[in-house]
Amino acid sequence: MSGLKLTNVSYSVDETLLLHDINFSQETTGINAILGPNGAGKSLLLSLIHGVIKPSMGLVTWDGISAQKTKLTRGFVFQTPIVLRRSVRANLAYPLKLSKNGTSTAIDTMLELSHLAPLADQPAASLSGGEAQRMAIARALITNPKVLLLDEPCSNLDPASTKLIEAMINNFVKQGGSVFISTHDLAQAKRLADVVLFIEQGNLLEHRPAKEFFDAPTTQEARAYLKGEL
Ligand SMILES: Nc1ncnc2c1ncn2[C@@H]1O[C@H](COP(=O)(O)OP(=O)(O)OP(=O)(O)O)[C@@H](O)[C@H]1O
Ligand SMILES: [Mg+2]
């Protein structure tokens, strides 16, 4: 089986079932948007897909190999981006295992692509929210992953920052990468997504081509969510 496959995946903490019997297969191509209300389980699903957490029951595999064991390279940008206490350049050097002052063409390329070149030597802690998001994405991309997982990468960002991040995402996909992105920005999901995964209260209710999902959602929950009533 090529691509991502979740088989009977549940995730619970103590006695609370947070994700319930999730089943789907997805080829690793294009952009997959994970949609659903606050608390639906989007961040948990991204973490399970990545493999940073293990399902309580069931199996997550990439090309038939468990998410814990796969050699498939994945970059993950968390909902609150991690900012290492060092310069922007040194943040990008970190995944390359270079020293804090290390330089490489990969770093310079990423600084350009993320429009952070003028800020390269500033402490990353001084970046604005949008700049920090761009840095976190650049850091996730610098090792050339096959798959990029983005948890609400544009929340609280202005339209120009959002546009820059979408350009980074589209550029990554054009080069053959595949993206799983959670977002509450429905316009963004319409612009970017090839496929939508809609979850509500820990259940995967829809997994369909984005156009079909937005034109004619099949579940009452998705219809309500799209109308802002959920
Ligand atoms: N470690 C944990 N222990 C207990 N409950 C948790 C844990 N992690 C997540 N949850 C709960 O699981 C549910 C889903 O959380 P998750 O962060 O995946 O939601 P989300 O869809 O990403 O929401 P948002 O849109 O607000 O980011 C929430 O109710 C959350 O409180
Ligand atoms: Mg979340």
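Quick note: structure is the one above.
Residues numbered from 1 in each chain as written. Chains lettered and ligands numbered in written order. Predicted model: local features only at pLDDT ≥ 70, side-chain atom pairs only at ≥ 80, totals over all residues. Heavy atoms only, no water.

1. Regarding the pairing of strand β4 (residues 57-62)
Where strand β1 (residues 4-13) and β4 come together, 5 bridges link them in antiparallel fashion. For Ser 10, the partnering residue across the bridge sits in β4 and is Met 57. (Pairing = 2+ DSSP bridges. Helix = DSSP H or I, 4+ residues; strand = E, 2+ residues; numbered from the N terminus.)

2. Some points on helix α5 (residues 159-174)
For α5, spanning 16 residues, the distance from its first C-alpha to its last is 22 Å, which sits close to the expected 22 Å at 1.5 Å a residue. Of the positions making up α5, those classed as buried are Ser 161, Thr 162, Ile 165, Glu 166, Met 168, Ile 169 and Phe 172. For α5, the angular spread of buried residues about the axis comes to 155 degrees, placing them on one side. Of the exposed residues in α5, the ones pointing more than 90 degrees away from its buried face are Pro 159, Lys 163 and Lys 174. Two or three places before Ala 160, at the start of α5, stands the capping residue Asp 158, its side-chain oxygen 3.1 Å from that residue's backbone nitrogen. At the C-terminal side of α5, Gly 176 shows a positive phi close to 100 degrees. (Expected span 1.5 Å × (residues − 1). Buried < 20%, exposed > 50% of the residue type's maximum accessible area, 1.4 Å probe, protein only. Arc of directions from axis to C-beta. Polar contact = N/O pair within 3.5 Å; in protein donor to acceptor, adjacent residues only side chain to side chain.)

3. Observations concerning the site of ligand 1
Close to ligand 1 lie 13 residues; Gly 39, Gly 41, Lys 42, Ser 43 and His 184 are nearest. Measuring from an oxygen atom of ligand 1, one finds a backbone N or O atom of Gly 41 at 2.9 Å. At 3.3 Å from an oxygen atom of ligand 1 is found a side-chain nitrogen or oxygen belonging to Glu 152. Along the lines of polarity and charge, the residues of the shell around ligand 1 split into 5 nonpolar, 6 polar and 2 charged. (Near = heavy atom within 4 Å. Nonpolar A, V, L, I, M, F, W, Y, C, P; charged D, E, K, R; others polar.)

4. Quick notes on unusual backbone geometry
Trans is the prevailing form of peptide bonds, just as negative phi is the prevailing case for residues other than glycine. Phi angles above zero are rare outside glycine, and Asn 8 is one such case at about 50 degrees. In this structure, Asn 8 sits in strand β1. The class of Asn 8 is partly exposed, set by a relative accessible area of 41%. One non-glycine residue with positive phi stands out, namely Glu 152, at about 45 degrees. As for its placement among the helices and strands, Glu 152 is situated in the loop between β7 (147-151) and α5. Glu 152 sits in the buried class, given a relative accessible area of 11%.

5. Some points on the sheet that holds β1
Overall, antiparallel pairing links the 4 strands, which are arranged β2-β1-β4-β5 in an open sheet. The sheet terminates laterally at β2 (16-26) and β5 (65-66), the two strands that pair on one side only. Running over the sheet, helix α1 (residues 42-50) touches β1, β2 and β4 and is turned about 125 degrees from β1. (Contact = heavy atoms within 4.5 Å. Axes fitted to C-alpha atoms, helices over the stretch in contact; angles between N-to-C directions.)

6. Quick notes on the coordination of the magnesium ion (ligand 2)
Distances from the magnesium ion (ligand 2) to its protein donors, Ser 43 (OG) and Gln 79 (OE1), fall within 2.1 to 2.3 Å. Of this pair, Ser 43 sits in helix α1 while Gln 79 sits in the loop between β6 (74-77) and α2 (88-93), and the two are 36 residues apart along the sequence. On the basis of relative accessibility, which here comes to 36%, the residue Gln 79 falls in the partly exposed class. (Donors = N, O, S within 2.8 Å, 3.2 Å for Na, K, Ca; no water.)

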